[in-house]
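Remarks on the overall topology
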Amino acid sequence: MAVMKREGHHQAWVHVQVDRGRWDVRITWRCKPPSLTSSASAWGGALATGRYKVPHVIPRAVSIGQEPAVGRDQTPPPNMCLLLRAFKANRQAGVCGSLPGALLLPVNMPTLDAPEERLRKFKYRGKDASARRQQRFAVSLELRKARKDEQALKRRNITSVSHDPADQQTKGDSLTLQDIISGVNASDPELCFQATQAARKMLSREKNPPLKLIVDAGLIPRLVELLKPSLHPRLQFEAAWALTNIASGASELTRAVVDGGAIQPLVELLSSPHMTVCEQAVWALGNIAGDGPEFRDNVISSDAIPHLLTLVSSSIPVPFLRNIAWTLSNLCRNKNPCPSDHAVRQMLPALVYLLGHPDREVLSDTCWALSYLTDGCDVRIGQVVDAGVLPRLVELMSSSELNVLTPSLRTVGNIVTGTDHQTQLALDAGILGVLPQLLTHPRSSIQKEAAWALSNVAAGPRQHIQQLITCGALPPLVAVLKNGEFKVQKEAVWTVANFTTGGSVDQLIQLVQAGVLEPLINLLTIPDNKIVIIILDVLFFILQAAEKISQKESMCLLIEGLGGLDRIEALQLHENHQVALTALNIIERHFSEEEETVTALPARDQDHKFLKDLTNTYHCCTTPKPGPRP
């Protein structure tokens, strides 16, 4: 078995023997090894206490007894490093040679560098502004991936009850598909009306409507023709309703409606003097626009927005206004491309007006529209923020109605992914008065959105992080890390990661005092490798911060007392190479005995006092006394 040399690695054969709980490791170098002036400095050594470390994950594919070209009995060359580790701490290490039946493994030993590689995996400070923005955008996409959207893309009108007397007269009629085809194409207006109404009723069935059957029958061109100005508004209404329901189907059915030329006649119906006809046209255009950016832009280019906006008034019935708000939301929806700046400038005043409406469905669709507009570039976020919607959005984040709370929270979460100035405007509007409370919301989906928004606040400058501390966000954040659902815990980990890498030393100490270490350490056992690496990096930076104020030894003891050292050591044997290497780097950098022996002794009393104060504060935060029973 050959091992290829890779840049930044040292080729070696590792000889492992496990005997009664002890691991014997022999490393035979096939190229120049790193400096061996001290096994502690080269491999995170601590031979005196036998701290358990293995430099690389053992490949599972290598079986016992497999050997390289160099035989076991060959005399070790001068550049062989004998390394023995006891399996648990406080066991004495010695020297061991090759033992029969041992496991001989080829490995590449990574050289340990500063954590710049891991820095690039975060969305926080240490990156330039564009890289941070891209990461924020990627995370926001990941947050929505494989998730059913809370707002319907399309809606089918399944109401079969009509107050029209003519409808009541024909309600009992039952026409076959062939009768419908013949009737819709008939020149007799009454026969055409009855057949079109029968087709609409078929398409309005709650279960298994024959949408494709009607399309395949070739009725769309005739239905579009019936939309055009005539002396029969009832016929226009029935044809528009039928096309609405066809457009609510799959994309190929919506395309059939568009290819049939329905958009322009429907836009013209927005000026109809008959409100029922006008409302049905709004609904049909909403279904077409909701299919995707292509048809959305077709609707916009047909001058639909000005006609829609003329309908928005205080005198319009609420059900009609709901349809308008929903259609506007679909005109704001979808990216690649986003709706044009001109279209957005047209719609924003109407959306601001609708945001003040008392009806919860109107509010819900308006908030969804704003969430779609803010789910994009900083310029588009700026347009929405400049419209002055933030105070109202913050107010709606306290709504007891889930269909209002969810899109308002999503919109604010999108806004804080923007520039630091845009985030500051959201902070000034009072979002931190609401977000910490939402971390305790009974719905985990709301907790997750709130934690995501907080993570992007924490990705900003230190004054934003300080505002997180001041508003009392740390206790509920720690509570979520301890007891939340895993999807919420992941977002909370991101929040802590951004906080840790962007905060000052004093802010990091406050984070530790809030009790964040214990739940983070407990999460090191989860199967999500990405999150484990992020947590390890958080611990790395906390230790670095403690080192800057000569308190690293105390912080190490605190982490060890919480079981963190054992878990980090165990992760050195993780099957994921990056997890193992990250854990090794922490042990090398912060827990090796050689570094501990050079700790300045005069600071010992000061460290002890710091640890005592920190531990007391930590336990006060993590294990509060139970209150009296009610």
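Residues numbered from 1 in each chain as written. Predicted model: local features only at pLDDT ≥ 70, side-chain atom pairs only at ≥ 80, totals over all residues. Heavy atoms only, no water.

1. Re the pattern of salt bridges
In this structure the tally under the stated criterion is 15 salt bridges. With a shortest N-O distance of 2.9 Å, K212 and D216 are connected by a salt bridge. Pair noted here: K212 and D216 are both in helix α7 (residues 211-216), with a separation of four residues, about one helical turn. Here K212 matches D216 in class, with each residue exposed. One salt bridge in this structure joins R392 and E395, with 3.0 Å as the shortest N-O distance. Of this pair, R392 and E395 both sit in helix α19 (residues 390-396), three residues apart, which is roughly one turn of that helix. (Salt bridge = Lys/Arg side-chain N within 4 Å of Asp/Glu carboxyl O. Helix = DSSP H or I, 4+ residues; strand = E, 2+ residues; numbered from the N terminus. Buried < 20%, exposed > 50% of the residue type's maximum accessible area, 1.4 Å probe, protein only.)

2. Focus on unusual backbone geometry
Omega for the peptide link from N336 to P337 comes to 5°, which places this bond in the cis form. Residue D303 is not a glycine yet carries a positive backbone phi of 70°. Along the chain, the position of D303 falls in the loop between α13 (293-301) and α14 (304-311). Here S550, not a glycine, exhibits a phi torsion of approximately 60°, which is positive. Assignment of secondary structure puts S550 in the loop between α29 (529-548) and α30 (552-561).

3. Looking at the state of the cysteines
Scanning all chains against the criterion turns up zero disulfides. Unpaired in terms of disulfides, C377 finds its nearest cysteine sulfur in C338, a separation of 6.6 Å. (Disulfide = S-S within 2.5 Å.)

4. Brief notes about the UniProt feature "repeat: ARM" (unreviewed entry) in the protein chain
UniProt tags residues 218-261, 261-289 and 388-430 as "repeat: ARM" (unreviewed entry). Helix makes up 76% of residues 261-289 and strand 0%. Its end C-alpha atoms lie 14 Å apart. (UniProt positions renumbered as here; feature names shortened; annotations may be inferred.)

5. Remarks on the nonpolar core
Grouped together as the largest cluster of nonpolar side chains are 158 residues, with contacts concentrated most on L266, I431, L435 and M555. Ranked by residues supplied to this core, first place goes to α29 with 13 residues. Those residues in contact with I431 that sit more than four places away from it in its chain are V394, V412, V416, A426, P436 and V457. (Core = buried A, V, L, I, M, F, W, Y, C linked by side-chain atoms within 4.5 Å. Contact = heavy atoms within 4.5 Å.)

6. Quick notes on the side chain of Q447
Considering the arrangement of structural elements, one finds Q447 in helix α23 (residues 444-458). Q447 gets classed as buried once you look at its relative accessible area, which sits at 13%. A distance of 2.5 Å separates a polar atom in the side chain of Q447 from the backbone oxygen of H441. (Polar contact = N/O pair within 3.5 Å; in protein donor to acceptor, adjacent residues only side chain to side chain.)

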